[in-house]
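One letter stands for each residue in the lines below.
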Amino acid sequence: MSDRKPGADRGSSSGPTRRRFLRGLGGVALALPFLELYADKPAVAQATTKPKRYVFAFGGTSLGIAGIDRVSPSAEGALAGQLSRGLAPLGTAGVADVTSIVSGLKIPWGADGAIPAGGRYVAFHSSTPCPLASGVRTSPGDERLKGPTSDWVLAPTIAGDTKNPVLAYRVQAAFYRGSNGTGGTRGMLSARMNGATLEEVPPVSSPRTAFASLTTGFIPPDPADAARARFLLERRASVADLVRGDTERLIPKLGAADKIRLQRHLDELRALEKRLEAVDLPESCVVPGDPGDDPAIGGPVENGQQGSGGGYDSMAAYSDEEKRASVFVDLIHFAMACDISRIANLMFTYSQCFLNMNPIYGYPTDLHEMGHYSMGGGETGANAVADGVAWHVKHWANLMKKLRETEDFDGTSMLDSTAMILCFEGGLGYDPEQDQQGSVHSSENMVVLIGGKAGGLHKSPGQHIRKPDHHPVEVINTAMKALGGPSQLGEVSGTIDELFV
Amino acid sequence: MQQQRNWGSGVDRVGCPATMERVAPRTRARRARLPVAALLSASLLTSIACGALAGCVGEIGDGGAVSTGPSPEIAAQVAVSGARRLSAVEYRSAVFDLVGVDVSDAALVLPTDERTPFDNDYTKQTASQALIDGVELLAGEIAAEVTSDPGLRGAVVPCTPQSVADEACFREFVTVFGRRALRRPLGDDEVEAFTTAFLPHAVTDDDFWTAVDSALRAFFQHPSFLYRAEIGSPVAGQPELESLDDFAVASRISFLLWGTTPPDFLLDAAAAGELRDEARLRELAELMLADERALARLSRFHAMWLAYEELSAGSSLAVDMVRETEALLSRHILEERLPWTSLLRASETFVTPALATHYGLEAPAGGGAAWVSYGDSGRQGLLSHGSFLSAVSKFGDTSPTQRGLLIQTRLFCQMINHPPPELMVNIDMPPEGPDPNACKSQRYDMWKTDGCASCHTLMDPVGFGLENYDAMGAYRETEPNRPDCPIEGVGSLVGFGEFRGPAELAELMISAGDVDACVARTLYRYAVGRFALDRHDEALVARLVEAADLGEGLRIDRVISEYVSSEPFRMRRQEVIGE
């Protein structure tokens, strides 16, 4: 028997136990921007050909109130000179020149039995995420995705042999209404085909889990640390191997339905085994600091409890999404910089988002209620809604900035081979459910932001392009086309070729 | 994570690893747990001897003999079961009971369990990278916690290793702990696989506990730990039915009554074949109902069912409200064994001085929580608890519609759909009617129009009868900030008459007679882990209602006892894909 202290150096997924790790570093490393971590270091990517990268992001809000839109720029043309309140973070991050916004977009609608291709059911929440993310028409009363989403559609083309073909993350930690659970299928915005079966992919909403998973497999350069890390990784791999084998032996004994359930589990175990393969840490690829424990989940707040004395005066309906968004942005950047993954599906907020805006902007209400006059109407209400949009734009722009400032393996910016999408649940216009104009419950006048320079995007500085009544998925198709993928998603074909000018 | 170490030694009087009975965190701490011995009959104590395990080791479900078929009546009551992944709460409880580590952050790390309204609906569960990565992360941390703590690891490993690569001790650990973790005996091949895979880690690391660490990681990621995948034996003449093995029955009992992995005495009963005996099953159910974990399970069931699960995360007053309801459940359901509807008729309630003041009741003497009489306050039973009255609200105040919906759907098991789109109703906007400044009852008149009335008639009048109680359950006579709007407080239950307040509503509900069946159906949904019920389920529920109501009203303890001891409980029906 060893006389070493029992358990010494026997760690969790990332070496020492989480608690010891936090005690040792005090969580400070999180504050280090990735740019500094990579300072004066050469390219990171290990791929033999220059990787292409894709980010799909989503925010569960519309754009204005009572016909007033403080997100869409007023005029077409160069974006840099006319950043609206909702788009201001693009300027702050210095990425307006590599971002375009396409406005005037529309998801068509129809009643039961008359929903057009790529369309939505007349009831607004949450009928747009399905056609928006998959290009396939939704079904009445069914919020599930009906087709594979662009992240998985692109995976065969650009994911290569990365450990994580797609990173599916969700920032908003809980639904914040009712039982405060997942909000049903609203919590998922990524779907893939597994053979002939469409599978929705539940996102990782725990930054701690995401960090542990992404840093799995890296072997640090220090010889002593490397030996220890390699041994731990071997042990974890042998554990996964045994568990996988036992799962394989269990499945044939199950009934047909349970076979399907456990087969999915087995597929995920096999993916884990791949992630557990050792990778020598490139000198330039620095593992970020542990984000520490996940922020506590905020409780639900019921509709209308905004205002003085209401639930939104407290930290209810908030799980430090500000930190969560920053961590997920940092992790996506890390994953792409170290070529652990080339595709991310980043769901910032649920559709019909009940996230408390008080800790973020001092508005004692949730994002959804702001669209319903909780902060007032007119300019005041429209500005509040635009601020809600801007919160999403800020984190999305920060990711773009990080990618832009990171050298690819050939010395160019990583953003040169990246296409990024940010779309929102609604626009501002006609609401067929209420037969009302200027409504927040509308899929008219939607916008989609597209960033990056992959495949010839943004040869010219970023633009505001109006494409009235075009489907938002056409912008997504444009990003896919720029990355060498298909120009059709689900039932929607066509691209916005002005973005290549 | 936190460790809880207040249990006894790791070895009991007959030299076997002791059942890790200990004071559980939070909700388990209020009542002293019965000592293990009190839970065990004399026959069970003898069966705990290590040797009793030897004869029951084998692969589950591999070539079991074809069992005799049940009668057609019984066969018609056998329910579908699917592989159920442990909910985050069940996972936390199971880990704690197995190794003494409280994975308090399980609900943060593991994917959120969807509520339907319960958190254990297997039809809503999907394996994902989020699950696999979360489980792997937690397994590593649990293993590290255990193996770095001599107290914890001594309780988990039943022997003292004599060398770094003490194979005999490692095999014993895998055999003994494996049965507890995977809720069934391990086959020889499985013990061999664990030993072959992980004992070399001890040699490489020059540390026996490294191998234990690896094995613990495997156990806590193992499909037989994470899932309750029931595998049975064919039933003669009934190709769609299977007879469950005894260990699957033990898991059913334990997760139903305690929400956690089966304790050793239940696994021993399974090994001894006792779980095929109806009288023995009733006895075990009774013993387990006497444990504080049954109260925790019952409380959680009610909290999810009646939609106040999130209340305990709120203020100290909210905590008092949850305790109030838990005390009522404990007294009426578990201690006095009264019918469930007695909860609606309780004339006393368990309150802190702060909660009593909040309710307008006389505060209990002594400064602590105690039972006090409602007197002539108009309050009575569960419907006047702050937990129930604060469960649903909308637009910054009580919602008569939501309260009515809660009662109709959760206590009468009615189905009321969302308004159809052709009505063009925006449920996100408060009702206004022709005059937005009118009093609340007048503004709700807009729901009395054609198209809306058919559903709102079932809901709104019920809620208006409770309007004198605000969104936190305090009494009021006028609408908030509207002294010009007195609250009449009169409601009606369609078909049964008018009422005023919780007491009169409770009496109307009981006289309506449908509550008992709904309670049984809801409890059954929780037991089988799915919302949708088919004709087989309904047949069994009808039988349980009949058996559990001996003329005095339906008793939950009887429902459980009848269910656990029934023949259908020990069987399963193959799930048909797409159903």
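What you are looking at is a predicted structure, and each value in this text was computed from that prediction instead of being measured.

1. Focus: the packing of aromatic side chains
This model, assessed by the stated rule, comprises 29 aromatic pairs over all chains. Where A:Phe175 meets A:Phe354, the ring centres are 5.4 Å apart and the plane angle is 75°; that geometry is what we call edge-to-face. Residue A:Phe175 is found in the loop between β8 (167-170) and β9 (191-194), and its partner A:Phe354 is found in the loop between β13 (343-347) and α10 (358-361); the two are separated by 179 residues along the sequence. A residue is classified by how much of its surface remains accessible, and A:Phe354, at 3% relative accessible area, is buried. Seen from their ring centres, B:Tyr91 and B:Phe225 are 5.9 Å apart, and the 65° between their planes marks the pair as edge-to-face. With B:Tyr91 in helix α5 (residues 88-99) and B:Phe225 in helix α12 (residues 223-226), the pair connects residues that are 134 residues apart, well separated along the chain. On the basis of relative accessible area, B:Tyr91 is assigned to the buried category, the value being 2%. Of the aromatic side chains, those joined through ring pairs into one cluster are B:Tyr91, B:Phe170, B:Phe173, B:Phe177, B:Phe194, B:Phe198, B:Phe208, B:Trp209, B:Phe219, B:Phe220 and B:Phe225.

2. Examining the state of the cysteines
A complete count under the given rule lists 3 disulfides over all chains for this structure. Across the disulfide, B:Cys159 is cross-linked to B:Cys169 (sulfur-sulfur distance 2.0 Å). In this structure, the disulfide formed by B:Cys159 and B:Cys169 twists by about 100° around the S-S bond and is classed as right-handed. Of this pair, B:Cys159 sits in the loop between α8 (150-156) and α9 (167-182) while B:Cys169 sits in helix α9, and the two are 10 residues apart along the sequence. The residue that forms a disulfide with B:Cys413 is B:Cys518, at a sulfur-sulfur distance of 2.1 Å. With the S-S bond torsion at 85°, the cross-link from B:Cys413 to B:Cys518 turns out right-handed. A residue pair is termed long-range when its members are at least 10 positions apart, and B:Cys413 in the loop between α21 (400-411) and α22 (440-443) and B:Cys518 in helix α25 (residues 515-528) qualify at 105 residues. In this model A:Cys130 remains outside any disulfide bridge; the closest cysteine sulfur is found in A:Cys423, 13 Å from its own. Residue A:Cys353 stays outside any disulfide, its sulfur separated by 14 Å from that of A:Cys423, the closest cysteine.

3. Focus on the interface of chain A and chain B
Listed as interface residues are 81 residues of chain A and, on the opposing side, 75 residues of chain B. The tally of links between chain A and chain B comes to 8 salt bridges. In this structure, the salt-bridge partner of A:Arg228 is B:Asp205, at a minimum N-O distance of 2.7 Å. Applying the counting rule to chain A against chain B returns 17 residue pairs in polar contact (both at pLDDT 80 or more). Taken together, the elements giving at least two residues each to the side of chain A that touches chain B come down to α1 (18-25), α6 (207-214), α7 (223-250), α8 (256-275) and α11 (367-370) of chain A.

4. Considerations on the environment of A:Ser319
Residues and elements named next belong to chain A. Secondary-structure assignment places Ser319 in the loop between β12 (279-280) and α9 (321-337). On a C-alpha basis, the gap between Ser319 and Tyr169 in space is 15 Å, while along the polypeptide they are 150 residues apart. Apart from the residues within four sequence positions on either side, Ser319 is in contact with Ala173, Tyr176, Pro295, Ala296, Ile297, Gly298 and Arg324. Of the polar contacts made by the side chain of Ser319, one reaches the backbone nitrogen of Gly298; its length is 2.9 Å.

5. Quick word on α7(A)
If you check α7(A), its first and last C-alpha atoms are 40 Å apart, about what 28 residues at 1.5 Å a residue would give, namely 40 Å. Residue A:Asp222 occupies the N-cap position of α7(A), its side-chain oxygen lying 3.2 Å from the main-chain nitrogen of A:Ala224.

6. A short note on the pairing of strand β16 (residues 436-439) of chain A
For a regular strand, side-chain orientation follows a simple rule: the groups alternate between the two sheet faces. Residue and element names in this part refer to chain A. Bridge analysis of strand β15 (residues 429-431) against β16 gives 2 bridges, and the strand direction is antiparallel. By the bridge assignment, Gly429 is partnered in β16 with Ser439. Counted between consecutive antiparallel strands, the loop separating β15 from β16 contains 4 residues, among which Asp435 sits at a positive phi close to 55°.

7. A closer look at the nonpolar core
Of all hydrophobic cores here, the largest spans 116 residues; its most connected members are A:Tyr54, A:Leu90, A:Tyr169 and A:Leu449. At 11 residues, helix α12 (residues 378-404) of chain A tops the list of elements feeding residues into this core. One finds B:Leu275, B:Ala294, B:Val519 and B:Ala520 within the second-largest nonpolar core, a separate group that totals 92 residues.

8. Overview of the pattern of salt bridges
By the definition in use, this model includes 69 salt bridges over all chains. A salt bridge links B:Arg276 to B:Asp246; the nearest nitrogen and oxygen atoms lie 2.5 Å apart. With a gap of 30 residues between them, B:Arg276 in the loop between α14 (264-271) and α15 (278-289) and B:Asp246 in helix α13 (residues 246-257) connect regions that are remote in the sequence. The exposed category is assigned to B:Arg276, whose relative accessible area is 58%. Relative accessible area serves as the criterion here: at 8%, B:Asp246 is assigned to the buried category. Between B:Arg482 and B:Asp484 there is a salt bridge whose closest N-O contact spans 3.0 Å. Each of A:Asp241, A:Arg244, A:Glu248, A:Asp267, A:Arg270 and A:Glu273 takes part in one network of salt bridges that share partners.

9. Remarks on the sheet that holds strand β13 (residues 571-573) of chain B
Residues and elements named next belong to chain B. The strand order β5-β6-β13 describes an open sheet built from 3 strands, whose pairing is antiparallel. On the outer flanks of this sheet lie β5 (232-235) and β13, each paired with one strand and no other. Averaged over all pairs of adjacent strands, the angle between strand axes in this sheet comes to 40°, irrespective of strand direction. Bridge count between β5 and strand β6 (residues 238-244): 4 bridges; the pairing is antiparallel. If you follow Gly232 over to β6, its bridge partner there is Leu244. Where α13 meets the sheet, its contacts fall on β6 and β13, and the angle it forms with β6 comes to roughly 75°.

10. Describing the environment of B:Glu309
With respect to the element layout, B:Glu309 can be found in the loop between α16 (292-305) and α17 (316-335). Since its relative accessible area comes to 16%, B:Glu309 is described here as buried. With 76 residues separating them along the chain, B:Glu309 and B:Ser233 place their C-alpha atoms 38 Å apart. Discounting residues that sit within four places of it in the chain, B:Glu309 has contacts with A:Ser179, B:Arg115, B:Arg300, B:Ala303 and B:Met304.

11. Observations regarding unusual backbone geometry
Across the junction of A:His125 and A:Ser126, the peptide omega takes the value -10°, indicating a cis bond. Along the chain, A:Ser126 falls in the loop between β7 (120-121) and α4 (129-134). Omega for the peptide link from B:Thr116 to B:Pro117 comes to 0°, which places this bond in the cis form. Among the structural elements, B:Pro117 can be located in the loop between α6 (106-109) and α7 (129-147). In this structure, B:Asp206 takes a positive phi of about 55° despite not being glycine. Topologically, B:Asp206 is positioned in the loop between α10 (188-205) and α11 (208-219). Even without being glycine, B:Arg337 reaches a positive phi, approximately 55°. Residue position: B:Arg337 is located in the loop between α17 and α18 (342-345).

12. Things to note about the confidence of the model for chain B
Residues and elements named next belong to chain B. When pLDDT is averaged along chain B, the result is 86; 86% of the residues meet or exceed 70. Below a pLDDT of 50 lies the segment residues 2-63, which in the model reaches 130 contacts outside its immediate sequence neighbourhood of four places, other chains included. The complex prediction reports pTM at 0.87, with the ipTM value standing at 0.87.

13. Re helix α13 (residues 473-482) of chain A
For α13(A), a buried count of 9 out of 10 residues is recorded, marking the element as mostly surrounded by other parts of the structure. Residues of α13(A) that are buried include every one of A:Val473, A:Glu474, A:Val475, A:Ile476, A:Asn477, A:Thr478, A:Ala479, A:Met480 and A:Ala482, and no others.

14. What to know about the side chain of B:Gln77
All names here are of chain B. One can find Gln77 in the loop between α4 (72-75) and β2 (84-85). Take Gln77: its relative accessible area is 6%, and that puts it in the buried class. In this structure the side chain of Gln77 is engaged in a polar contact, spanning 2.7 Å, whose partner is the side chain of Arg543. Not counting the four nearest positions on each side in its chain, Gln77 is found in contact with His536, Ala539, Leu540, Arg543 and Pro568.

15. So, empty space enclosed by the protein
Empty space among the atoms becomes apparent when a probe as large as a water molecule is rolled across them. Residue and element names in this part refer to chain B. In this structure the tally under the stated criterion is 16 cavities of 30 Å³ or more. If you add up the space inside the largest cavity, you get close to 180 Å³. Lining the largest cavity are 17 residues, and of these Arg84, Arg252, Ala527, Val528 and Tyr563 sit closest to its centre. If you list the elements that add at least two residues to the lining of the largest cavity, you get α13 and α25. Take the lining of the largest cavity: its biggest share by element is 3 residues, from α25.

Thresholds, definitions, all that
- Residues numbered from 1 in each chain as written.
- Chains lettered and ligands numbered in written order.
- Predicted model: local features only at pLDDT ≥ 70, side-chain atom pairs only at ≥ 80, totals over all residues.
- Heavy atoms only, no water.
- Phe/Tyr/Trp six-rings, centres within 6.5 Å; stacked < 30°, edge-to-face > 60°.
- Helix = DSSP H or I, 4+ residues; strand = E, 2+ residues; numbered from the N terminus.
- Buried < 20%, exposed > 50% of the residue type's maximum accessible area, 1.4 Å probe, protein only.
- Disulfide = S-S within 2.5 Å.
- Contact = heavy atoms within 4.5 Å.
- Salt bridge = Lys/Arg side-chain N within 4 Å of Asp/Glu carboxyl O.
- Polar contact = N/O pair within 3.5 Å; in protein donor to acceptor, adjacent residues only side chain to side chain.
- Expected span 1.5 Å × (residues − 1).
- Pairing = 2+ DSSP bridges.
- Core = buried A, V, L, I, M, F, W, Y, C linked by side-chain atoms within 4.5 Å.
- Axes fitted to C-alpha atoms, helices over the stretch in contact; angles between N-to-C directions.
- pLDDT = per-residue confidence, 0-100.
- 1 Å grid on protein atoms, 1.4 Å probe; cavity = no way out; pocket = protein on both sides within 12 Å on 5 of 7 lines; lining within 4 Å.
- Points joined across faces, edges and corners; volume = space filled by probe spheres on them.

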